[in-house]
Amino acid sequence: MADATLIESVRGREVLDSRGNPTVEVDVTLRNGAFGRAIVPSGASTGRHEAVELRDGDPTRYEGLGVLRAVAAVNDVIGPAVSGAFDAADQASLDARLRELDGTANKANLGANAILGVSLAAAHAAAAAAGQPLYRYLGGPEAGVLPMPMVNIISGGRHAAGGLDMQDFLAIPIGAATYGEALQMVVAVYRAVGRVLSQTGPYAYGVADEGGYGPPLPCHEDALGLLYDATRLAGYRCARDGDVAIGLDVAATEFAGDGGRYVLQAEGRAFSSVELVDLLDHWSKTYPIISIEDGLSEDDWDGWEYLTQQLGGSAQLIGDDLFTTNPERLAQGADDGIANAVLVKPNQIGTLTETLDTVHLAQERGYLPVISARSGETEDTTIADLAVATGAGQIKIGSITRSERLAKYNRLLRIEEELGERGRFAGRDVFARFSNP
Ligand code: PGA
Ligand code: ZN
């Protein structure tokens, strides 16, 4: 064992996320003095199969959302067990030990928030000890692909109060030549949407949980139309072979009702799985939609099979609540031919090793990995480095306002500068496999 990178101390604390909710921050210090810190994010539209985020449930603090139990797990259980005993440079062994200490399949005992905080902070410390940025430490000298951002412009569902049932309407700047240009393009689209909205009401400048607009539109197709029109107003061609294409996060689990019905309140209609797929298919023929996330709910495998048959050739179909960054669920999906892409959120599974396993499995099985933030975020930028380290090719962070989002977008700008000639933007090639619907 390398003595220098032996974990010397682990310290957890409660800090706040972008919704003002408590979350876990962990500091790891190594014997040689190298230091790493990570803050764990938190979802709102969480999937049933996610690892457990431990909350105190004490109504006298933060309405029960405190994380002092998870912090205690870091300081009183994990810290004593790994300090002086584990090498931060041996991530796999450390993560295996964290899972063993927890002892459950879904990390319900110590909490995925406690475990992930330690796992990521150890990686940061090991990178610092190696004198390397995290993307280089995790990805090796070959790491150099800047991801295509898919950027939330209009929000609905649990992330906004405007009344749309579907969660994200995203701009994908497929025509950009560089990551920096991609950001500039989506900012122009965002501004154009704001200009259109400001003509109709005062709500234009309110932002939702991920920094997008959350306007009260009468139906979902209006959100698509708004995004399409604003893109053109910004001077871009909104087309599959143009400058900007459209992505959707339907987040269908959130409006799946009893008896397999999907209830769209905004439309005043309920849909079967087949009807909802047919609606998405119809929209895809009208608008340049090249990516659809959680088009159906987390356990609607039959519906997902139909969705994949109908749209899998023409659009990226991302499983978020469906796969929950879980290699076993992704393997099941790949065996069954369900979806063709996977959202990767480290706190859905709870260790860096398992997160990387999911990305590698996706790459082996021909699934497109999309590294993703949560709706509750912080200044932590680990996922930016993770995207470059793995060459995932895509990242989803939310909109381009609110600094918990910008911390990651800006981190990627710095990485782009640092890589210089060695860097390459994933670009529109990410979507090359999809043909017109
Ligand atoms: P969440 O939303 O973090 O609230 O789960 C993000 C997403 O659904 O992609
Ligand atoms: Zn999602």
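Everything that follows concerns the structure shown earlier in this document.
These numbers were taken from a predicted model, which means no experiment stands behind them. Numbers given for residues are sequential positions, taken from 1 along each chain in its written order. All chains are assigned letters beginning at A, and all ligands numbers beginning at 1, according to the order in which they are written. The predicted origin of the model limits local features to residues at a pLDDT of at least 70 and limits the giving and counting of side-chain atom pairs to 80 or more, whereas totals for whole chains, interfaces and linings rest on all residues. Calculation of side-chain values draws on the structure's entire complement of heavy atoms; hydrogens and water are dropped beforehand.

**Considering the site of ligand 1**
Thinking step 1. Taken together, 14 residues form the shell around ligand 1, and within it Ala44, Gln167, Arg374, Ser375 and Lys396 come nearest.
Thinking step 2. Think of a polar contact as two N or O atoms within 3.5 Å of one another; within protein, one of them needs to be a possible hydrogen donor and the other a possible acceptor, and neighboring residues in sequence only count if both atoms come from side chains. In this structure, an oxygen atom belonging to ligand 1 sits 2.9 Å away from a main-chain N or O atom of serine 45.
Thinking step 3. At a separation of 3.3 Å, an oxygen atom of ligand 1 approaches a polar side-chain atom of lysine 345.
Thinking step 4. The protein chains hide 99% of the 280 Å² of surface that ligand 1 would expose on its own. Residues are classed as near a molecule or strand on a simple rule: at least one heavy atom within 4 Å of it. Only the protein chains shown count as cover for residues, and the accessible areas themselves come from Shrake-Rupley with a 1.4 Å probe.

**Considering the coordination of the zinc ion (ligand 2)**
Thinking step 1. Coordination sphere of the zinc ion (ligand 2), protein contribution only: Asp249 (OD), Glu293 (OE) and Asp320 (OD), at 2.0 to 2.2 Å.
Thinking step 2. Ordering the donors of the zinc ion (ligand 2) by residue number gives the pattern D-x43-E-x26-D. With aspartate 249 in strand 7 (residues 245–249) and aspartate 320 in the loop between strand 11 (316–319) and helix 9 (327–336), this residue pair connects regions lying 71 residues apart in the sequence. Excluding water, the donors of a metal are its N, O and S neighbours within 2.8 Å, or within 3.2 Å for Na, K and Ca, and that exclusion means sites may look incomplete. Strands are runs of DSSP state E lasting at least 2 residues, helices are runs of H or I lasting at least 4, and numbering of each runs from the N terminus.

**Concerning the layout of surface pockets**
Thinking step 1. For the largest pocket, the calculated volume is near 320 Å³.
Thinking step 2. Around the largest pocket sit 16 residues that line it, and Ala105, Asn326, Glu328, Ile349 and Glu354 are the ones nearest its centre.
Thinking step 3. Of all the secondary structure elements, the ones that give two or more residues to the lining of the largest pocket are helix 9 and helix 10 (346–349).
Thinking step 4. In terms of residues, the lining of the largest pocket owes the most to one element, helix 9, which gives 3 residues.
Thinking step 5. Under the convention adopted here, Pro, Cys and the residues Ala, Val, Leu, Ile, Met, Phe, Trp and Tyr are nonpolar, Asp, Glu, Lys and Arg are charged, and Gly plus all remaining residues are polar. For the lining of the largest pocket, the residue count by class is 4 nonpolar, 5 polar and 7 charged. A pocket here means an open set of points on a 1 Å grid, computed over the protein atoms alone, that has protein on both sides within 12 Å along at least five of seven lines. A cavity is instead a set of points where a 1.4 Å probe fits but cannot get out; residues with an atom within 4 Å of a point line either one. Grid points are joined across faces, edges and corners, and a volume is the space filled by probe spheres set on the points.

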